[in-house]
Amino acid sequence: MAAEDTSVSGVSGRYATALFELARDQKVVDEVKADLEKFEALLNESADLKRLVRSPVFAADAQSRALSAVLAKAGIAGISANFLKVLTANRRLFAVTDVIRAYRALVAKFKGEAMADVTVAEALSDKNLDALKVALKSVTGKDVALNVKVDPSIIGGLVVKLGSRMIDSSLRTKLNSIKHAMKEAG
C-alpha cells in the first residue's frame, strides 16, 4: 500500500512505512503521530536539538544519550522513542523531519484523508486552522490533514499544496507580480 505512494519514497519513506505498519499492528497510529509531532515541535523550538539531529559531528553513542534525555524529558516513550533511537543508531536521525512528514502522509491515507502542505508567515490560531480545513474539505470532499510550516519570508497570506494543486496567495508572490508588471510598463 505505502510503497505505491510517491510521497513516501526513499530512506525516509521506508522508515516511515516500517513505523506505520508497526503502529497500525499495535493499534497506536494516533499516539505515535502525536509523539512524532511533539518531537518535531521540540526540534523547531531548539537550535541545539536541531544541531544534534543534523550534525554528523556527534558520535552515535553521544547522539543516542542526548536523544534519550530529550525523549525522557518530553515524555515520549514506547514505539516512538524506540523508533527515534533506531534512527539514531542507524545514523539516519538527520532524516527525521522527512520521516515525520511521510508518516503523516501514511496516516492521512489510512484514514481516507487528503494531505495538504500549508506555508504561513506566522502560526495560525486553532480557529483559522479549522476554517482552512473546512474550506479544503469543501474542495476535496475529504477530511484534510494539514502539515503547517511557518516561513516569515512569505510576509503574509499562505501557500497551500494539495496533491498536484498549489495555491499561492502569499504577499511575497503578489509583491513580485506587481514588481514585474511595473518593470514591463516602465
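Values in this document were obtained by computation on a predicted structure and should not be read as measured data.

## Let's talk about the sheet that holds strand 1 (residues 114–120)
Two pairing modes exist for strands in a sheet, parallel and antiparallel, and in both the strands are linked by backbone hydrogen bonds. Strand order across the open sheet formed by four strands is 2-1-3-4, with mixed pairing between neighbours. Unpaired on one side and paired on the other, strand 2 (144–150) and strand 4 (165–168) mark the two borders of the sheet. Strand-to-strand twist across the sheet, computed as the mean angle between neighbouring axes with direction ignored, equals 15°. In this sheet, strand 4 lies alongside strand 3 (residues 158–162) in antiparallel orientation, the contact comprising four bridges. Within strand 4, the residue paired with Val159 across the bridge is Asp168.

## Some remarks on the nonpolar core
Within the largest apolar cluster, 32 residues are counted, with the highest numbers of intra-cluster contacts made by Phe39, Leu84, Val96 and Tyr103. Looking at this core, the elements with two or more residues in it are helix 1 (10–25), helix 2 (29–45), helix 3 (47–54), helix 4 (60–74), helix 5 (78–89) and helix 6 (96–110). No other element matches helix 6, which puts eight residues into this core. Dropping the residues within four chain positions of it, Val96 is found in contact with Phe39, Leu43, Val53, Leu84 and Leu87. In terms of nonpolar packing, the next biggest core, distinct from the first, is built from ten residues, Ala114, Val120, Leu146 and Val160 among them.

Cut-offs and rules
- Residues numbered from 1 in each chain as written.
- Predicted model: local features only at pLDDT ≥ 70, side-chain atom pairs only at ≥ 80, totals over all residues.
- Heavy atoms only, no water.
- Pairing = 2+ DSSP bridges.
- Helix = DSSP H or I, 4+ residues; strand = E, 2+ residues; numbered from the N terminus.
- Axes fitted to C-alpha atoms, helices over the stretch in contact; angles between N-to-C directions.
- Core = buried A, V, L, I, M, F, W, Y, C linked by side-chain atoms within 4.5 Å.
- Buried < 20%, exposed > 50% of the residue type's maximum accessible area, 1.4 Å probe, protein only.
- Contact = heavy atoms within 4.5 Å.

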